[in-house]
Amino acid sequence: MSKKTVDATIPTIPLTARFQRWFGRNLIRVYMVLAFTYLFIPVAYTFAFSFNDSGKSNLIWKGFTLDNWKNPCGAPEVCTALANSIKIGLLATIFSTILGTMIAFAIGRHKFKGRSTSNLLIFLPMATPEIVLGASLLSLFLVFKINPGFWPTVIAHVMFCISFVVVTVKARIASLDPRLEQAAMDLYANEFQTFRRVTLPLVAPGIAGAALLAFSLSFDDFIITNFNSGTVTTFPKFVYTAAARGIPAQANVIGSGMFFLALAIVIAGQFVNRRKAR
Amino acid sequence: MGKIRTPYLLLLPGFLFLFTFFILPIVNLAQTSTQTPIAGGDTGQYEQTLRFANYLDAFLENREQFGRSFLYALIATVLALMISYPLAYAIAFKSGKYKNFLLVLVVAPFFTSFLLRTVAWKQILGEEGFVVPTLRTIGIISESTTLTSTAFAVVMGMTYNFLPFMTLPLYASIDRIDPRTLEASGDLYANAFTTFRKVTLPLSMPGVVAGTLLTFIPAAGDYVNAAILGSPNTKMIGNVIESRYFKIVDYPTAAALSFTLMAAILILVTLYIRKAGTEELV
(Lines give C-alpha, C1' and ligand atoms only; values in the text may rest on other atoms or scores of the structure.)
Protein backbone atom coordinates (compact mmCIF):
# COMPACT_ATOMS: atom_id res chain seq x y z
CA MET A 1 0.00 0.00 0.00
CA SER A 2 2.59 2.53 1.15
CA LYS A 3 4.79 1.55 -1.78
CA LYS A 4 2.19 2.81 -4.25
CA THR A 5 1.91 6.24 -2.69
CA VAL A 6 5.67 6.59 -2.59
CA ASP A 7 5.93 5.68 -6.25
CA ALA A 8 3.26 8.17 -7.19
CA THR A 9 4.70 11.12 -5.31
CA ILE A 10 8.35 10.73 -6.29
CA PRO A 11 8.24 9.76 -9.97
CA THR A 12 11.68 11.18 -10.74
CA ILE A 13 13.71 8.54 -8.89
CA PRO A 14 15.65 6.42 -11.39
CA LEU A 15 14.42 2.93 -12.03
CA THR A 16 17.32 1.10 -10.41
CA ALA A 17 17.01 3.12 -7.23
CA ARG A 18 13.30 2.47 -7.21
CA PHE A 19 13.92 -1.22 -7.63
CA GLN A 20 16.45 -1.18 -4.82
CA ARG A 21 13.98 0.55 -2.58
CA TRP A 22 11.22 -1.90 -3.46
CA PHE A 23 13.63 -4.78 -2.96
CA GLY A 24 14.77 -3.49 0.42
CA ARG A 25 11.22 -3.17 1.59
CA ASN A 26 10.06 -6.50 0.23
CA LEU A 27 13.21 -8.50 0.85
CA ILE A 28 11.47 -10.73 3.35
CA ARG A 29 8.58 -11.36 0.94
CA VAL A 30 11.01 -12.24 -1.85
CA TYR A 31 12.67 -14.61 0.61
CA MET A 32 9.30 -16.12 1.47
CA VAL A 33 8.54 -16.80 -2.20
CA LEU A 34 11.94 -18.48 -2.61
CA ALA A 35 11.38 -20.63 0.49
CA PHE A 36 7.99 -21.75 -0.77
CA THR A 37 9.48 -22.50 -4.17
CA TYR A 38 12.03 -24.77 -2.47
CA LEU A 39 9.22 -26.48 -0.53
CA PHE A 40 7.10 -27.06 -3.60
CA ILE A 41 9.63 -28.05 -6.28
CA PRO A 42 9.43 -31.81 -5.54
CA VAL A 43 5.66 -31.63 -5.09
CA ALA A 44 5.30 -30.01 -8.51
CA TYR A 45 7.72 -32.53 -9.98
CA THR A 46 5.75 -35.44 -8.52
CA PHE A 47 2.52 -33.96 -9.87
CA ALA A 48 3.96 -33.29 -13.33
CA PHE A 49 5.39 -36.79 -13.65
CA SER A 50 2.05 -38.33 -12.69
CA PHE A 51 1.04 -37.41 -16.26
CA ASN A 52 4.10 -38.98 -17.82
CA ASP A 53 3.49 -41.61 -20.47
CA SER A 54 6.36 -43.46 -18.92
CA GLY A 55 5.87 -47.17 -19.25
CA LYS A 56 7.83 -48.88 -16.51
CA SER A 57 10.40 -46.46 -15.20
CA ASN A 58 9.22 -42.92 -14.61
CA LEU A 59 12.57 -41.19 -15.01
CA ILE A 60 12.45 -39.29 -18.30
CA TRP A 61 9.58 -37.24 -19.69
CA LYS A 62 8.08 -39.20 -22.58
CA GLY A 63 4.79 -37.45 -23.23
CA PHE A 64 1.53 -36.39 -21.64
CA THR A 65 -1.12 -38.93 -20.76
CA LEU A 66 -4.14 -39.18 -18.46
CA ASP A 67 -3.93 -42.98 -18.32
CA ASN A 68 -2.19 -43.05 -14.95
CA TRP A 69 -4.95 -40.97 -13.39
CA LYS A 70 -7.66 -43.07 -15.02
CA ASN A 71 -6.13 -46.24 -13.68
CA PRO A 72 -4.21 -45.47 -10.48
CA CYS A 73 -4.12 -49.15 -9.54
CA GLY A 74 -2.50 -50.07 -12.86
CA ALA A 75 0.93 -50.75 -11.39
CA PRO A 76 1.20 -54.01 -9.46
CA GLU A 77 0.91 -53.69 -5.66
CA VAL A 78 0.48 -49.91 -5.59
CA CYS A 79 -3.09 -50.12 -4.36
CA THR A 80 -2.50 -53.00 -1.97
CA ALA A 81 0.20 -50.87 -0.36
CA LEU A 82 -2.10 -47.85 -0.28
CA ALA A 83 -4.93 -49.88 1.27
CA ASN A 84 -2.56 -51.19 3.95
CA SER A 85 -1.37 -47.69 4.73
CA ILE A 86 -4.94 -46.43 5.08
CA LYS A 87 -5.98 -49.36 7.30
CA ILE A 88 -2.94 -49.03 9.53
CA GLY A 89 -3.36 -45.26 9.60
CA LEU A 90 -7.01 -45.42 10.65
CA LEU A 91 -6.43 -48.00 13.37
CA ALA A 92 -3.39 -46.16 14.71
CA THR A 93 -5.34 -42.89 14.67
CA ILE A 94 -8.30 -44.31 16.59
CA PHE A 95 -6.22 -45.95 19.33
CA SER A 96 -3.65 -43.19 19.72
CA THR A 97 -6.32 -40.47 19.79
CA ILE A 98 -8.30 -42.23 22.52
CA LEU A 99 -5.28 -43.06 24.68
CA GLY A 100 -3.59 -39.72 24.06
CA THR A 101 -6.71 -37.64 24.77
CA MET A 102 -7.20 -39.44 28.10
CA ILE A 103 -3.60 -38.69 29.07
CA ALA A 104 -3.97 -35.08 27.93
CA PHE A 105 -7.01 -34.62 30.17
CA ALA A 106 -5.21 -36.21 33.13
CA ILE A 107 -2.14 -33.99 32.73
CA GLY A 108 -3.95 -30.86 31.57
CA ARG A 109 -6.80 -30.95 34.04
CA HIS A 110 -5.52 -32.53 37.23
CA LYS A 111 -2.81 -31.89 39.74
CA PHE A 112 -1.41 -35.16 40.98
CA LYS A 113 1.76 -36.82 42.18
CA GLY A 114 3.95 -37.92 39.31
CA ARG A 115 2.71 -35.26 36.91
CA SER A 116 6.18 -34.19 35.83
CA THR A 117 7.25 -37.82 35.42
CA SER A 118 4.21 -38.28 33.19
CA ASN A 119 5.25 -35.29 31.13
CA LEU A 120 8.70 -36.81 30.76
CA LEU A 121 7.28 -40.15 29.64
CA ILE A 122 5.32 -38.30 26.94
CA PHE A 123 8.36 -36.28 25.85
CA LEU A 124 10.78 -39.23 25.65
CA PRO A 125 9.33 -41.03 22.60
CA MET A 126 9.46 -37.72 20.70
CA ALA A 127 13.12 -37.26 21.67
CA THR A 128 14.08 -40.77 20.61
CA PRO A 129 15.22 -41.21 17.01
CA GLU A 130 12.74 -43.21 14.95
CA ILE A 131 15.32 -45.82 14.12
CA VAL A 132 15.80 -46.60 17.82
CA LEU A 133 12.03 -46.81 18.38
CA GLY A 134 11.66 -49.13 15.41
CA ALA A 135 14.66 -51.29 16.16
CA SER A 136 13.88 -51.70 19.87
CA LEU A 137 10.28 -52.64 19.22
CA LEU A 138 11.34 -55.20 16.64
CA SER A 139 13.76 -56.71 19.18
CA LEU A 140 10.92 -57.05 21.66
CA PHE A 141 8.66 -58.72 19.11
CA LEU A 142 11.47 -61.12 18.24
CA VAL A 143 11.98 -62.04 21.91
CA PHE A 144 8.29 -62.89 22.25
CA LYS A 145 8.40 -64.74 18.92
CA ILE A 146 5.87 -62.36 17.41
CA ASN A 147 6.39 -62.06 13.67
CA PRO A 148 6.53 -58.53 12.30
CA GLY A 149 3.48 -57.72 10.21
CA PHE A 150 0.20 -55.82 10.18
CA TRP A 151 -0.63 -55.66 13.90
CA PRO A 152 2.93 -55.06 15.12
CA THR A 153 2.99 -52.09 12.71
CA VAL A 154 -0.30 -50.77 14.13
CA ILE A 155 1.12 -51.09 17.66
CA ALA A 156 4.32 -49.30 16.62
CA HIS A 157 2.34 -46.46 15.08
CA VAL A 158 0.06 -46.05 18.10
CA MET A 159 3.20 -45.90 20.25
CA PHE A 160 4.83 -43.02 18.41
CA CYS A 161 1.57 -41.15 17.72
CA ILE A 162 0.39 -41.01 21.36
CA SER A 163 2.87 -38.29 22.38
CA PHE A 164 1.90 -36.05 19.49
CA VAL A 165 -1.81 -36.46 20.35
CA VAL A 166 -1.15 -35.63 24.00
CA VAL A 167 0.81 -32.48 23.13
CA THR A 168 -1.84 -31.26 20.67
CA VAL A 169 -4.86 -31.91 22.89
CA LYS A 170 -3.07 -30.57 25.99
CA ALA A 171 -2.41 -27.28 24.20
CA ARG A 172 -6.11 -26.97 23.42
CA ILE A 173 -7.10 -27.78 27.02
CA ALA A 174 -4.62 -25.18 28.30
CA SER A 175 -6.19 -22.50 26.13
CA LEU A 176 -9.71 -23.11 27.51
CA ASP A 177 -11.30 -20.40 29.59
CA PRO A 178 -12.02 -22.05 32.98
CA ARG A 179 -14.86 -19.62 33.55
CA LEU A 180 -16.97 -21.40 30.94
CA GLU A 181 -16.95 -24.58 33.01
CA GLN A 182 -17.54 -22.65 36.22
CA ALA A 183 -20.54 -21.01 34.57
CA ALA A 184 -21.93 -24.43 33.65
CA MET A 185 -21.49 -25.61 37.25
CA ASP A 186 -23.16 -22.42 38.50
CA LEU A 187 -26.11 -23.31 36.30
CA TYR A 188 -26.45 -26.61 38.18
CA ALA A 189 -24.84 -28.86 35.60
CA ASN A 190 -23.15 -31.77 37.33
CA GLU A 191 -19.58 -32.74 36.54
CA PHE A 192 -20.52 -35.19 33.81
CA GLN A 193 -22.93 -32.79 32.13
CA THR A 194 -20.36 -30.01 32.23
CA PHE A 195 -17.82 -32.27 30.64
CA ARG A 196 -20.16 -33.50 27.92
CA ARG A 197 -21.88 -30.21 27.09
CA VAL A 198 -19.09 -27.68 27.67
CA THR A 199 -15.59 -29.11 27.98
CA LEU A 200 -15.72 -31.79 25.30
CA PRO A 201 -17.21 -29.58 22.54
CA LEU A 202 -14.60 -26.93 23.29
CA VAL A 203 -11.72 -29.41 23.18
CA ALA A 204 -13.13 -31.24 20.13
CA PRO A 205 -11.26 -29.18 17.50
CA GLY A 206 -8.01 -30.01 19.30
CA ILE A 207 -8.88 -33.71 19.28
CA ALA A 208 -9.77 -33.55 15.59
CA GLY A 209 -6.49 -31.81 14.85
CA ALA A 210 -4.60 -34.44 16.84
CA ALA A 211 -6.36 -37.24 14.95
CA LEU A 212 -5.43 -35.68 11.60
CA LEU A 213 -1.84 -35.29 12.76
CA ALA A 214 -1.73 -38.91 13.95
CA PHE A 215 -3.09 -40.13 10.65
CA SER A 216 -0.61 -38.17 8.58
CA LEU A 217 2.30 -39.26 10.80
CA SER A 218 1.24 -42.88 10.51
CA PHE A 219 0.49 -42.69 6.81
CA ASP A 220 3.86 -41.16 5.97
CA ASP A 221 6.00 -43.20 8.35
CA PHE A 222 8.73 -45.29 6.82
CA ILE A 223 11.53 -45.99 9.29
CA ILE A 224 9.51 -47.54 12.14
CA THR A 225 7.24 -49.33 9.65
CA ASN A 226 10.19 -50.80 7.80
CA PHE A 227 11.37 -52.45 11.01
CA ASN A 228 8.04 -53.86 12.16
CA SER A 229 5.98 -54.64 9.10
CA GLY A 230 7.72 -57.77 7.84
CA THR A 231 6.24 -58.67 4.47
CA VAL A 232 3.33 -56.23 4.70
CA THR A 233 3.87 -53.38 2.22
CA THR A 234 2.75 -49.86 3.03
CA PHE A 235 2.76 -46.99 0.56
CA PRO A 236 6.05 -45.40 1.77
CA LYS A 237 7.64 -48.85 1.84
CA PHE A 238 6.45 -49.47 -1.71
CA VAL A 239 8.03 -46.21 -2.86
CA TYR A 240 11.30 -47.01 -1.08
CA THR A 241 11.57 -50.47 -2.60
CA ALA A 242 10.50 -49.25 -6.03
CA ALA A 243 12.95 -46.32 -5.93
CA ALA A 244 15.82 -48.60 -6.92
CA ARG A 245 14.21 -49.73 -10.16
CA GLY A 246 12.06 -46.70 -10.95
CA ILE A 247 8.78 -45.70 -9.36
CA PRO A 248 5.66 -46.28 -11.49
CA ALA A 249 3.77 -43.11 -12.39
CA GLN A 250 0.77 -44.47 -10.49
CA ALA A 251 2.63 -43.79 -7.24
CA ASN A 252 2.89 -40.15 -8.32
CA VAL A 253 -0.85 -40.16 -8.97
CA ILE A 254 -1.54 -41.43 -5.46
CA GLY A 255 0.92 -38.98 -3.89
CA SER A 256 -0.59 -36.04 -5.76
CA GLY A 257 -4.12 -37.27 -5.05
CA MET A 258 -3.38 -37.40 -1.31
CA PHE A 259 -1.96 -33.90 -1.55
CA PHE A 260 -5.10 -32.42 -3.07
CA LEU A 261 -7.41 -34.45 -0.84
CA ALA A 262 -5.64 -33.26 2.33
CA LEU A 263 -5.60 -29.68 1.05
CA ALA A 264 -9.34 -29.89 0.38
CA ILE A 265 -9.98 -31.23 3.90
CA VAL A 266 -7.94 -28.44 5.49
CA ILE A 267 -9.63 -25.72 3.43
CA ALA A 268 -13.08 -27.17 4.13
CA GLY A 269 -12.21 -27.25 7.84
CA GLN A 270 -11.21 -23.59 7.78
CA PHE A 271 -14.42 -22.74 5.95
CA VAL A 272 -16.55 -24.56 8.53
CA ASN A 273 -14.68 -22.81 11.35
CA ARG A 274 -15.26 -19.43 9.79
CA ARG A 275 -18.98 -20.08 9.35
CA LYS A 276 -19.24 -21.26 12.93
CA ALA A 277 -17.43 -18.16 14.11
CA ARG A 278 -20.04 -15.96 12.46
CA MET B 1 -11.78 -40.25 46.97
CA GLY B 2 -12.85 -40.73 43.37
CA LYS B 3 -11.38 -37.35 42.47
CA ILE B 4 -7.90 -38.37 43.52
CA ARG B 5 -8.11 -41.49 41.44
CA THR B 6 -9.44 -39.87 38.26
CA PRO B 7 -6.11 -38.72 36.76
CA TYR B 8 -4.50 -42.09 37.41
CA LEU B 9 -7.40 -43.94 35.80
CA LEU B 10 -7.13 -41.68 32.78
CA LEU B 11 -3.40 -42.27 32.53
CA LEU B 12 -3.50 -46.01 33.10
CA PRO B 13 -4.34 -47.41 29.65
CA GLY B 14 -2.05 -45.05 27.75
CA PHE B 15 0.85 -45.48 30.11
CA LEU B 16 0.42 -49.23 30.20
CA PHE B 17 0.71 -49.14 26.43
CA LEU B 18 3.76 -46.88 26.45
CA PHE B 19 5.36 -48.99 29.15
CA THR B 20 4.89 -52.21 27.16
CA PHE B 21 5.80 -50.87 23.74
CA PHE B 22 8.26 -48.08 24.50
CA ILE B 23 10.00 -48.62 27.88
CA LEU B 24 10.16 -52.40 27.74
CA PRO B 25 11.65 -52.46 24.23
CA ILE B 26 14.31 -49.94 25.27
CA VAL B 27 15.19 -52.11 28.29
CA ASN B 28 15.26 -55.15 26.07
CA LEU B 29 17.45 -53.30 23.59
CA ALA B 30 19.92 -52.56 26.38
CA GLN B 31 19.95 -56.24 27.17
CA THR B 32 20.50 -57.25 23.56
CA SER B 33 23.41 -54.85 23.23
CA THR B 34 25.70 -56.91 25.47
CA GLN B 35 24.97 -60.31 23.90
CA THR B 36 27.40 -62.42 21.88
CA PRO B 37 26.80 -65.09 19.23
CA ILE B 38 26.16 -68.58 20.56
CA ALA B 39 29.15 -70.79 19.82
CA GLY B 40 28.16 -73.09 16.98
CA GLY B 41 24.71 -71.49 16.73
CA ASP B 42 22.93 -70.25 13.61
CA THR B 43 23.16 -66.68 12.36
CA GLY B 44 20.94 -64.51 14.48
CA GLN B 45 21.26 -66.62 17.65
CA TYR B 46 22.75 -64.77 20.58
CA GLU B 47 23.24 -65.33 24.29
CA GLN B 48 23.68 -62.92 27.16
CA THR B 49 27.32 -62.62 28.18
CA LEU B 50 27.27 -59.00 29.42
CA ARG B 51 29.97 -58.08 26.94
CA PHE B 52 30.12 -54.31 27.33
CA ALA B 53 33.02 -54.20 24.91
CA ASN B 54 30.32 -54.49 22.22
CA TYR B 55 29.81 -50.76 22.66
CA LEU B 56 33.46 -49.96 22.18
CA ASP B 57 33.74 -52.23 19.14
CA ALA B 58 30.58 -50.86 17.60
CA PHE B 59 31.62 -47.28 18.17
CA LEU B 60 35.20 -47.65 16.97
CA GLU B 61 34.12 -49.53 13.90
CA ASN B 62 31.55 -46.87 12.97
CA ARG B 63 32.91 -43.64 14.38
CA GLU B 64 33.13 -42.20 10.89
CA GLN B 65 29.38 -42.73 10.36
CA PHE B 66 28.66 -41.36 13.83
CA GLY B 67 30.63 -38.22 13.11
CA ARG B 68 28.93 -37.85 9.76
CA SER B 69 25.43 -38.25 11.26
CA PHE B 70 25.98 -35.48 13.77
CA LEU B 71 27.75 -33.23 11.28
CA TYR B 72 25.06 -33.62 8.60
CA ALA B 73 22.30 -33.19 11.17
CA LEU B 74 23.97 -30.05 12.51
CA ILE B 75 24.39 -28.49 9.06
CA ALA B 76 20.82 -29.40 8.07
CA THR B 77 19.51 -27.90 11.32
CA VAL B 78 21.40 -24.63 10.83
CA LEU B 79 20.28 -24.39 7.20
CA ALA B 80 16.68 -25.14 8.15
CA LEU B 81 16.84 -22.44 10.83
CA MET B 82 18.22 -19.93 8.34
CA ILE B 83 15.48 -20.71 5.84
CA SER B 84 12.67 -21.01 8.37
CA TYR B 85 13.24 -18.00 10.59
CA PRO B 86 12.58 -15.33 7.94
CA LEU B 87 9.78 -17.48 6.55
CA ALA B 88 8.07 -17.83 9.94
CA TYR B 89 8.64 -14.12 10.60
CA ALA B 90 7.10 -13.15 7.28
CA ILE B 91 4.08 -15.36 7.88
CA ALA B 92 3.57 -14.01 11.40
CA PHE B 93 4.05 -10.31 10.68
CA LYS B 94 3.89 -9.61 6.95
CA SER B 95 1.15 -11.79 5.52
CA GLY B 96 -2.00 -10.05 6.74
CA LYS B 97 -5.14 -11.96 5.87
CA TYR B 98 -3.21 -14.69 4.05
CA LYS B 99 -1.67 -15.95 7.30
CA ASN B 100 -3.73 -19.13 7.59
CA PHE B 101 -3.38 -19.88 3.92
CA LEU B 102 0.41 -19.56 4.06
CA LEU B 103 0.53 -21.78 7.16
CA VAL B 104 -1.36 -24.45 5.25
CA LEU B 105 1.18 -24.07 2.45
CA VAL B 106 4.02 -24.82 4.89
CA VAL B 107 2.42 -28.11 5.89
CA ALA B 108 1.02 -28.96 2.47
CA PRO B 109 4.13 -30.66 1.00
CA PHE B 110 3.82 -33.14 3.90
CA PHE B 111 0.74 -34.58 2.28
CA THR B 112 2.73 -35.89 -0.65
CA SER B 113 4.61 -38.83 0.80
CA PHE B 114 8.05 -37.71 1.98
CA LEU B 115 9.64 -40.66 0.20
CA LEU B 116 8.10 -39.57 -3.09
CA ARG B 117 9.48 -36.08 -2.57
CA THR B 118 12.92 -37.40 -1.71
CA VAL B 119 12.94 -39.58 -4.80
CA ALA B 120 11.75 -36.53 -6.76
CA TRP B 121 14.83 -34.64 -5.55
CA LYS B 122 16.98 -37.52 -6.67
CA GLN B 123 15.56 -37.24 -10.15
CA ILE B 124 15.61 -33.43 -10.22
CA LEU B 125 19.28 -33.38 -9.20
CA GLY B 126 20.13 -36.45 -11.27
CA GLU B 127 21.67 -36.69 -14.71
CA GLU B 128 18.26 -36.70 -16.43
CA GLY B 129 16.96 -33.76 -14.41
CA PHE B 130 17.08 -30.14 -15.53
CA VAL B 131 19.37 -28.77 -12.80
CA VAL B 132 22.63 -30.50 -13.66
CA PRO B 133 22.62 -29.70 -17.44
CA THR B 134 21.67 -26.08 -16.71
CA LEU B 135 24.45 -25.61 -14.16
CA ARG B 136 26.90 -27.23 -16.56
CA THR B 137 25.91 -24.92 -19.40
CA ILE B 138 26.35 -21.84 -17.22
CA GLY B 139 29.62 -23.31 -16.06
CA ILE B 140 28.92 -23.37 -12.34
CA ILE B 141 29.80 -27.04 -12.13
CA SER B 142 32.21 -28.93 -14.34
CA GLU B 143 31.19 -31.63 -16.82
CA SER B 144 32.19 -34.42 -14.48
CA THR B 145 30.51 -33.07 -11.34
CA THR B 146 27.31 -34.75 -10.24
CA LEU B 147 24.88 -33.61 -7.58
CA THR B 148 23.31 -36.91 -6.55
CA SER B 149 25.27 -39.42 -4.49
CA THR B 150 26.99 -36.54 -2.72
CA ALA B 151 27.02 -35.14 0.81
CA PHE B 152 25.46 -32.00 -0.67
CA ALA B 153 22.40 -33.93 -1.85
CA VAL B 154 21.99 -35.74 1.48
CA VAL B 155 22.19 -32.55 3.55
CA MET B 156 19.92 -30.73 1.11
CA GLY B 157 17.35 -33.54 1.32
CA MET B 158 17.48 -33.56 5.12
CA THR B 159 17.11 -29.77 5.28
CA TYR B 160 14.16 -30.05 2.94
CA ASN B 161 12.39 -32.89 4.71
CA PHE B 162 12.60 -31.40 8.20
CA LEU B 163 11.87 -27.80 7.21
CA PRO B 164 8.23 -27.74 8.42
CA PHE B 165 9.34 -29.14 11.81
CA MET B 166 11.45 -26.01 12.12
CA THR B 167 9.00 -23.52 10.66
CA LEU B 168 5.91 -24.43 12.71
CA PRO B 169 7.34 -24.02 16.25
CA LEU B 170 9.18 -20.88 15.11
CA TYR B 171 5.96 -19.46 13.75
CA ALA B 172 4.10 -20.35 16.95
CA SER B 173 6.49 -18.38 19.12
CA ILE B 174 7.10 -15.45 16.73
CA ASP B 175 3.35 -15.05 16.27
CA ARG B 176 2.96 -14.61 20.03
CA ILE B 177 5.28 -11.59 20.06
CA ASP B 178 3.33 -8.40 20.59
CA PRO B 179 4.22 -6.12 17.64
CA ARG B 180 4.10 -3.19 20.06
CA THR B 181 7.27 -4.42 21.74
CA LEU B 182 9.01 -4.09 18.37
CA GLU B 183 7.60 -0.59 17.91
CA ALA B 184 8.71 0.36 21.40
CA SER B 185 12.22 -0.80 20.59
CA GLY B 186 12.22 1.36 17.45
CA ASP B 187 10.89 4.34 19.46
CA LEU B 188 13.85 3.92 21.77
CA TYR B 189 16.18 4.44 18.79
CA ALA B 190 17.16 0.82 18.28
CA ASN B 191 17.81 0.12 14.62
CA ALA B 192 16.29 -2.88 12.87
CA PHE B 193 19.25 -5.11 13.64
CA THR B 194 19.37 -4.20 17.33
CA THR B 195 15.61 -4.69 17.63
CA PHE B 196 15.99 -8.14 16.16
CA ARG B 197 18.92 -9.08 18.37
CA LYS B 198 17.57 -7.64 21.61
CA VAL B 199 13.81 -8.12 21.27
CA THR B 200 12.61 -10.44 18.53
CA LEU B 201 15.21 -13.18 18.88
CA PRO B 202 15.07 -13.52 22.70
CA LEU B 203 11.26 -13.58 22.60
CA SER B 204 11.26 -16.29 19.93
CA MET B 205 13.85 -18.46 21.72
CA PRO B 206 11.34 -21.16 22.78
CA GLY B 207 10.48 -21.63 19.11
CA VAL B 208 14.14 -21.73 18.11
CA VAL B 209 14.87 -24.39 20.73
CA ALA B 210 11.82 -26.51 19.89
CA GLY B 211 12.43 -26.19 16.14
CA THR B 212 16.10 -27.07 16.28
CA LEU B 213 15.37 -30.11 18.46
CA LEU B 214 12.54 -31.30 16.23
CA THR B 215 14.91 -31.04 13.27
CA PHE B 216 18.15 -32.28 14.79
CA ILE B 217 16.82 -35.42 16.52
CA PRO B 218 15.17 -37.04 13.50
CA ALA B 219 17.98 -35.81 11.23
CA ALA B 220 20.69 -37.49 13.33
CA GLY B 221 18.87 -40.81 13.20
CA ASP B 222 17.77 -40.56 9.59
CA TYR B 223 18.90 -43.01 6.97
CA VAL B 224 16.36 -42.51 4.19
CA ASN B 225 17.95 -39.37 2.73
CA ALA B 226 21.39 -40.94 2.82
CA ALA B 227 20.04 -44.13 1.24
CA ILE B 228 18.23 -42.37 -1.61
CA LEU B 229 20.36 -39.28 -2.24
CA GLY B 230 23.74 -40.47 -1.01
CA SER B 231 26.45 -42.97 -1.82
CA PRO B 232 28.44 -45.46 0.30
CA ASN B 233 30.65 -42.50 1.21
CA THR B 234 27.78 -40.61 2.82
CA LYS B 235 26.47 -43.47 4.99
CA MET B 236 25.08 -42.33 8.32
CA ILE B 237 24.71 -44.27 11.53
CA GLY B 238 21.08 -45.00 10.68
CA ASN B 239 22.19 -46.84 7.52
CA VAL B 240 24.57 -48.94 9.60
CA ILE B 241 21.92 -49.86 12.17
CA GLU B 242 19.48 -50.74 9.40
CA SER B 243 21.92 -53.00 7.58
CA ARG B 244 23.08 -54.65 10.84
CA TYR B 245 19.47 -55.57 11.52
CA PHE B 246 18.31 -56.68 8.13
CA LYS B 247 21.31 -57.69 6.09
CA ILE B 248 23.86 -58.93 8.61
CA VAL B 249 21.42 -59.97 11.39
CA ASP B 250 23.89 -58.67 13.96
CA TYR B 251 21.40 -57.62 16.65
CA PRO B 252 23.88 -56.87 19.46
CA THR B 253 25.89 -54.41 17.38
CA ALA B 254 22.71 -52.80 16.04
CA ALA B 255 21.42 -52.48 19.61
CA ALA B 256 24.69 -51.06 20.91
CA LEU B 257 24.73 -48.53 18.07
CA SER B 258 21.09 -47.56 18.68
CA PHE B 259 21.81 -47.05 22.34
CA THR B 260 24.92 -45.01 21.71
CA LEU B 261 22.99 -42.85 19.25
CA MET B 262 20.16 -42.32 21.72
CA ALA B 263 22.54 -41.53 24.58
CA ALA B 264 24.54 -39.10 22.45
CA ILE B 265 21.38 -37.32 21.35
CA LEU B 266 19.97 -37.14 24.89
CA ILE B 267 23.24 -35.71 26.23
CA LEU B 268 23.46 -33.14 23.45
CA VAL B 269 19.80 -32.19 23.89
CA THR B 270 20.16 -31.78 27.66
CA LEU B 271 23.26 -29.61 27.28
CA TYR B 272 21.54 -27.58 24.61
CA ILE B 273 18.38 -27.01 26.63
CA ARG B 274 20.48 -25.98 29.66
CA LYS B 275 22.43 -23.57 27.51
CA ALA B 276 19.39 -22.15 25.75
CA GLY B 277 17.63 -21.93 29.09
CA THR B 278 14.11 -22.92 28.17
CA GLU B 279 11.96 -25.11 30.33
CA GLU B 280 8.83 -24.72 28.29
CA LEU B 281 9.42 -27.79 26.19
CA VAL B 282 7.91 -30.50 28.30
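The rules we used
- Residues numbered from 1 in each chain as written.
- Chains lettered and ligands numbered in written order.
- Predicted model: local features only at pLDDT ≥ 70, side-chain atom pairs only at ≥ 80, totals over all residues.
- Heavy atoms only, no water.
- Contact = heavy atoms within 4.5 Å.
- Salt bridge = Lys/Arg side-chain N within 4 Å of Asp/Glu carboxyl O.
- Helix = DSSP H or I, 4+ residues; strand = E, 2+ residues; numbered from the N terminus.
- Nonpolar A, V, L, I, M, F, W, Y, C, P; charged D, E, K, R; others polar.
- Domains from an automatic or database assignment.
- Expected span 1.5 Å × (residues − 1).
- Bend = angle between axes of the 7 residues up to and from the residue.
- Buried < 20%, exposed > 50% of the residue type's maximum accessible area, 1.4 Å probe, protein only.
- Phe/Tyr/Trp six-rings, centres within 6.5 Å; stacked < 30°, edge-to-face > 60°.
- Lys NZ or Arg CZ within 6 Å of the ring centre and 35° of its normal.

*Asks:* Which parts of the structure should I look at to understand the interface of chain B and chain A?
*Replies:* It is common to give the size of an interface as the accessible area lost on bringing the parts into contact. With 74 residues of chain B at the interface, the matching set in chain A holds 76 residues. Here chain B and chain A share zero salt bridges between them. The biggest single contributor to the side of chain B that touches chain A is helix α1 (residues 2–32) of chain B, with 21 residues. For the side of chain B that touches chain A, the residue count by class is 55 nonpolar, twelve polar and seven charged.

*Asks:* Just to check I follow, could you spell out the domain arrangement of chain A for this structure?
*Replies:* Partitioning chain A into domains gives domain 1 (2–70) and domain 2 (78–247). One C-alpha centre belongs to domain 1 of chain A, the other to domain 2 of chain A, and the line joining them spans 36 Å.

*Asks:* Would you take a moment to explain helix α3 (residues 63–94) of chain B for this structure?
*Replies:* Along an α-helix, a turn takes 3.6 residues, which lines up residues three or four apart on a common side. Residue and element names in this part refer to chain B. The end-to-end C-alpha distance of α3, which contains 32 residues, comes to 45 Å, matching closely the 46 Å that a straight helix rising 1.5 Å per residue would cover. The largest bend along α3 reaches roughly 25° and is located at S84, with the proline P86 sitting one to four residues downstream. A positive backbone phi angle near 55° is found at G96, which sits one or two residues after α3.

*Asks:* Teacher, can you tell me more about the environment of R136 of chain B here?
*Replies:* All names here are of chain B. Mapped onto the secondary structure, R136 falls in helix α6 (residues 131–138). For R136, a relative accessible area of 17% corresponds to the buried category. Sequence separation between R136 and G14 is 122 residues, and the spatial gap between their C-alpha atoms is 56 Å. Every residue in contact with R136, bar those within four places of it in the chain, is listed here: E127, I141, S142, E143, S144, T145 and T146.

*Asks:* Mind showing me how you'd approach the packing of aromatic side chains here?
*Replies:* The description of an aromatic ring pair uses the distance of the two centres, along with the angle that the planes make with each other. Evaluated as defined, the whole model comprises 31 aromatic pairs over all chains. Ring centres 6.2 Å apart and planes at 80° place the aromatic pair F47 of chain A and W69 of chain A in the edge-to-face group. Of the two residues, F47 of chain A sits in helix α2 (residues 15–48) while W69 of chain A sits in helix α3 (residues 67–70), which places them 22 residues apart along the sequence. Judged by relative accessible area, which is 31%, F47 of chain A ranks as partly exposed. Put simply, the rings of F40, F47, F51, F64, W69, F259 and F260 of chain A touch in pairs and so form one group of aromatic residues. Residue placement shows R117 of chain B over the ring face of F110 of chain B; its charged tip is 6.0 Å from the ring centre.

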